Structures are given as C-alpha cells and as structure tokens.
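Here is what each chain is made of, one letter per residue.
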Amino acid sequence: MKHYQLKAIINYLKNFKNIKHIKRVQNSTIKVEFDNRSIIYFDLTKGSTNIFKSDNALESKSFNAPFDTILQKKLTNSSIENIELVNNDRLVRFTLNVKSSYKQEKVYLQLEFTGIHTNVIILDSNMVVIEALRHISENISSRIVKVGQKLEEIPTKPFNPKEEDIDDIEKFLYDNYKQKEENEQIGRASCRERV
C-alpha cells in the first residue's frame, strides 16, 4: 500500500473507539470489527498488501496458532487510544487499552506494510513482542521478531512521500476489494491456461 493511502485510512480509522472483535480469516488477512459493526480487512500478504471492506464475509478455515489465540483473546473488546503511522513509514500502530479480569494494560498492534518487513506484531507497553504473524530469526534478517524480545525499529531512509487526497475513503476501501477479486480471477485464469 502507498503511504498516502495508509495516511488517509488512519484518519478514517480514528473515528472508531473500540475493536469489538479481531481474528485471522486467511493466511495473511486479519478481520477487524470496529464500532457499529464496521468490518475492515487488513491483508498483509507479502508483495500485495491491502486494506479493504467487503459486504461478503471472508471467513475461511479456523486458525489456532499461538498468534491467533493471543490476537483474539487479548485484543477483542479493546479500546483504541491512538492510531498512527510510525516514523512516517508504512507501519500502522494501534495503541490499545486492554482490560483483563484484574487489570488494564496498554498493548500495541503493529501492521507493517513495508514489503520486506510485512508483518502483524502484538507488543507490550515496553515494545517487547508478545506474538507475531511471522517470527523472524537472526538467520533471516537483521531485524529479529521473536516472542519475548524487544522489537527494533525498521531502519528508515529519507524519502518524500507522494501526497494525494482520497475523496471517499469508504468507496476506496470497497474498490480495493473489487480490484483484489479481479486480480485473483486473472491469476486463476492464467493458471488454468498454463495447465
């Protein structure tokens, strides 16, 4: 996703106060239900990240990895304190207040749309990884993403992001889904032709 698109989407998301429900519905797609049953999908597929809305439910198989358990149990019914672009990069960070039976804690949900570092990471108030969609070891990258370790920032390079306005963010999010569907149909047709 482009920087200006994420910026516009964050401004739109700031209208919401709570995450009512959150879960993974496809390998790299997170479904978030905000206030008033407004559902938005965050697709963090490497090479084709996307944020979209759809009137069709995208439910698929059930995911039961530790990431999914923590994502649902910890972040469902959390209140949103802030949503921001981190370091003016394509990193969307939700600051959430999570209530458990005996205390309230601050947790971060970080969605990374940066290509090589594409990921969904749940962090505690000290920026220590609670869980992540993709665990990254030192053998793979200089930026380690491991449970129990402090998350290092992604090195940034100076750049001047393109600035554009999105007039109707709801239409933009629905159009993103239509484009995703069209691309998938073209991909499936292309595979059939090769066979």
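All residue numbers here refer to positions counted from 1 along the written sequence of the relevant chain. Thresholds applied to this predicted model are a pLDDT of at least 70 for local features of residues and 80 or more for the giving and counting of side-chain atom pairs; totals over whole chains, interfaces and linings are not thresholded and use all residues. Processing note: side-chain calculations cover all non-hydrogen atoms of the structure and skip hydrogens and water entirely.

A.B. asks: Just give me the short version of the environment of K180, but keep the residues and values in it.
C.D. replies: Counting through the fold element by element, K180 comes out in helix α3 (residues 169-194). For K180, a relative accessible area of 12% gives the class buried. When the C-alpha atoms of K180 and I121 are compared, they prove to be 24 Å apart, with 59 residues separating the residues in sequence. Not counting the four nearest positions on each side in its chain, K180 is found in contact with Q26, D43, N50 and F52. Numbered from the N terminus, helices here are DSSP runs of H or I no shorter than four residues, and strands are runs of E no shorter than two. A 1.4 Å probe rolled over the protein chains alone gives each residue an accessible area, and that area as a share of the maximum for its type sets the label: buried under 20%, exposed over 50%, partly exposed in between. Working rule for contacts: check all heavy atoms of both residues, and any pair within 4.5 Å makes them a contact.

A.B. asks: Which residues make up the packing of aromatic side chains, and what values go with them?
C.D. replies: Each aromatic pair joins two rings of Phe, Tyr and Trp (for Trp, the six-membered one) with centres within 6.5 Å, and gets the label stacked for planes under 30 degrees apart, edge-to-face for over 60, and tilted for any other angle. Overall, the coordinates contain six aromatic pairs when judged by the stated rule. The interplanar angle of 85° and the centroid separation of 6.3 Å between the aromatic rings of F42 and F94 together place this pair among those described as edge-to-face. Here F42 is found in strand β3 (residues 39-43), whereas its partner F94 is found in strand β6 (residues 91-99), with 52 residues between them in sequence. A single burial state applies to F42 and to F94, both of which are buried. In this structure an aromatic cluster arises from ring pairing among Y12, F16, F34, F42 and F94.

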